[in-house]
Amino acid sequence: MATKGVLGGTVHTMPPDLRKALASDKRALAAWADITPLARNEWICWATFVKKEDTKKDHIKRVVSELKEGMRRPCCWIGCIHRKDKAISPSVRSVLNRRSKKSK
């Protein structure tokens with residue numbers, strides 16, 4: 001299946017491994033095409049902004065399986081903090097502040 005027609009997100013570039021995984025599963029690809037560009041951006045961010053390559057591979061597998069289960073956005077994800085078109089919400093800022101205090 002051609003991977004060029006796989007739609008991307010709003011901020012993040014679609015990584016080739018996620019594009020290939022989506023293109024190889026018709027149901028996941030249909031679900032991907034049905035969600036908004038912002039939702040696709042959330043999935044891309046969630047799948048790629050991890051530290052380890054093994055974790056990234058696991059996240060990409062979960063993107064495919066969770067889309068097929070009907071999920072439209074990543075579960076338990078505070079959202080993409082990389083967007084420049086809106087301010088980070090107070091609730092997300094609170095989560096980020098707690099995380100930064102724990103890492104010190």
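Residues numbered from 1 in each chain as written. Predicted model: local features only at pLDDT ≥ 70, side-chain atom pairs only at ≥ 80, totals over all residues. Heavy atoms only, no water.

**Student:** Residue-level account of helix H1 (residues 16-23), with values.
**Tutor:** Leu-18, Ala-21, Leu-22 and Ala-23 are the residues of H1 that are buried. On its buried face, H1 sits against helix H2 (26-34), helix H3 (37-48) and helix H4 (53-68). (Buried < 20%, exposed > 50% of the residue type's maximum accessible area, 1.4 Å probe, protein only. Helix = DSSP H or I, 4+ residues; strand = E, 2+ residues; numbered from the N terminus. Contact = heavy atoms within 4.5 Å.)

**Student:** Pulling in residues and values, what's your account of the pattern of salt bridges?
**Tutor:** Per the counting criterion, the structure on display carries 5 salt bridges. For the salt bridge of Asp-17 with Lys-56, the shortest nitrogen-to-oxygen distance reads 3.2 Å. One end of the pair, Asp-17, is in helix H1; the other, Lys-56, is in helix H4, with 39 residues separating them in the sequence. Given the relative accessible area of 29%, Asp-17 is considered partly exposed. (Salt bridge = Lys/Arg side-chain N within 4 Å of Asp/Glu carboxyl O.)

**Student:** Let's hear about the environment of Leu-96: which residues, and what values?
**Tutor:** On the secondary structure map, Leu-96 appears in helix H5 (residues 90-102). A relative accessible area of 23% means that Leu-96 is categorised as partly exposed. In this structure the C-alpha to C-alpha distance between Leu-96 and Ile-81, which are 15 residues apart in sequence, comes to 9.5 Å. Filtering out sequence-adjacent residues up to four positions away, Leu-96 remains in contact with Ile-78, Ile-81 and Ile-88.

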